[in-house]
Amino acid sequence: MLVLALDTSTPAVTAALGEVSDSGMKGIAERRTVDPRAHGERLAPQIQLVLDDAGVRPRDLAAIVAGVGPGPFTGLRVGLATAAAMGQALGIPTYGICSLDALGRAAGPGRVLVATDARRREVYFATYADGVRVTDPDVAKPADVLVAADRAVGEGALKYSEVFGIPIDDRLLFPSGEALIALAAEQVRQGAPGDPLTPLYLRRPDAVEPTARKAVLP
């Protein structure tokens, strides 16, 4: 079963294709462009390039996996809206996976802090033991993060490496599409119903509804 993975929870715009079978999961193709201001413009071409790389058509897909964040409001919703629209148009299930979990899985054995850049001088973070999340995703200033790990991964970890004070694996900065597919593989094999793709924002968006205008005349 061919599965498409999308993630726009970080400055990276990622699309990947993998094959899920009874014996495991195999990555086929992955494309990533780092552009924090162009998620909307970059994602569709990335998807087309990945499908072209593998000689696959959209109707060949069996499922779509999307990273649900945490991530900044504008970029994150691009990936989720695209995944939801494609799933509906193709009549296939969509599965949501915490984007931090993809980094945690890729980090492998040991106790690892995953931290991505949340802007505002903050990070989204969680701690993993042998690839399994052991703390809930959260957002905080780097100095306020409880570091209970031997090393760290993610662009936020690299950006604030001096604050965290533990070794940083700079080979793992952004969520991998292959890891997202691996985390959803059992649902794909079982033909489980799709998930609602609910974004994990962890904080309110910068844009807010305007309040009522105040009278300036007596």
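That block above? That's the structure.
Rules and cut-offs
Residues numbered from 1 in each chain as written. Predicted model: local features only at pLDDT ≥ 70, side-chain atom pairs only at ≥ 80, totals over all residues. Heavy atoms only, no water. Helix = DSSP H or I, 4+ residues; strand = E, 2+ residues; numbered from the N terminus. Contact = heavy atoms within 4.5 Å. Buried < 20%, exposed > 50% of the residue type's maximum accessible area, 1.4 Å probe, protein only. Core = buried A, V, L, I, M, F, W, Y, C linked by side-chain atoms within 4.5 Å. Pairing = 2+ DSSP bridges. Axes fitted to C-alpha atoms, helices over the stretch in contact; angles between N-to-C directions. Expected span 1.5 Å × (residues − 1). Bend = angle between axes of the 7 residues up to and from the residue. Polar contact = N/O pair within 3.5 Å; in protein donor to acceptor, adjacent residues only side chain to side chain. Phe/Tyr/Trp six-rings, centres within 6.5 Å; stacked < 30°, edge-to-face > 60°.

Trainee: Tell me about the environment of Pro70, residues and numbers included.
Mentor: Topologically, Pro70 is positioned in the loop between β4 (61–67) and α2 (73–90). The spacing of Pro70 and Cys98 is 28 residues in sequence and 7.0 Å in space, taken between C-alpha atoms. When residues no more than four places from it in sequence are discounted, the contact partners of Pro70 are Ser9, Cys98, Leu100, Tyr124, Pro137, Leu200 and Leu202.

Trainee: Go over unusual backbone geometry with me, naming the residues and quoting the values.
Mentor: In this structure, Pro70 follows Gly69 across a cis peptide bond, with omega equal to 15 degrees. Of note in this structure, Arg119 is not a glycine but carries a positive phi near 65 degrees. One can find Arg119 in strand β6 (residues 111–119).

Trainee: An account of the environment of Glu155 is requested, with residue identities and associated values reported.
Mentor: Mapped onto the elements of the fold, Glu155 is located in helix α4 (residues 155–159). For Glu155, a relative accessible area of 13% gives the class buried. Sequence separation between Glu155 and Arg37 is 118 residues, and the spatial gap between their C-alpha atoms is 16 Å. The residues contacting Glu155, other than those within four sequence positions of it, are Thr10, Pro11, Ala115, Thr116, Asp117, Leu173 and Phe174.

Trainee: Can you break down the nonpolar core residue by residue, with the values?
Mentor: Grouped together as the largest cluster of nonpolar side chains are 23 residues, with contacts concentrated most on Leu4, Leu6, Leu17, Ile47 and Leu61. Counting only elements with at least two residues in this core, the list comes to β1 (2–7), β2 (12–21), α1 (39–54), β4 and α2. Excluding its chain neighbours within four sequence positions, the residues that come into contact with Leu61 are Leu2, Val3, Leu4, Leu17, Leu51, Val56, Met86, Leu90 and Ile92. Formed by 16 residues, the second largest nonpolar core is a distinct cluster that contains Val3, Val65, Ala179 and Ala184.

Trainee: Before we move on, can you summarise the pairing of β1 with the specific residues and values?
Mentor: Where burial is concerned, most of β1 is hidden: six out of the six residues are buried. Across the two faces of β1 the burial is the same, with Leu2, Leu4 and Leu6 and Val3, Ala5 and Asp7 all buried. Alignment of β1 against β2, held across six bridges, turns out to be antiparallel. Its bridge partner being in β2, Val3 is matched across the sheet by Gly18. Counting the residues that bridge the hairpin from β1 to β2 gives four residues. Sheet topology note: the β1/β4 ladder contains five bridges and is parallel. Residue pairing in the sheet places Leu2 in a bridge with Leu61 of β4.

Trainee: For the sheet that holds β1, give the residues involved together with the corresponding values.
Mentor: Read across the sheet, five strands follow the order β3-β2-β1-β4-β5 without closing on themselves; strand pairing throughout is mixed. Every other strand in the sheet has two partners, leaving β3 (24–34) and β5 (94–97) as the edge strands with one partner each. Going from strand to strand, the sheet's axes swing by 20 degrees on average, the running direction of each strand aside. Its contacts with the sheet place helix α6 (residues 177–190) against β1, β2, β3, β4 and β5, and it is angled at close to 40 degrees to β2.

Trainee: Any chance you could break down α6 for me, citing the residues and the numbers?
Mentor: A rise of 1.5 Å per residue sets the reference length of α6, with its 14 residues, at 20 Å; its end C-alpha atoms lie 20 Å apart and thus fit the reference within 8%. Of all the bends in α6, the greatest, near 55 degrees, is centred on Ala184. The distance from a side-chain oxygen at the start of α6 to the backbone nitrogen of Glu178 is 3.2 Å, and the residue carrying that oxygen is Ser176. Just downstream of α6 lies Gly191, where phi reads positive at about 65 degrees.

Trainee: Describe in detail the packing of aromatic side chains, supporting the description with residues and values.
Mentor: Scanning the model with the defined rule gives one aromatic pair in all. Their ring planes at 40 degrees and their centres at 4.9 Å tell us that Phe73 and Tyr201 sit as a pair that is tilted. Here Tyr201 lies in the segment after α6 and Phe73 lies in helix α2, a separation of 128 residues in the sequence.

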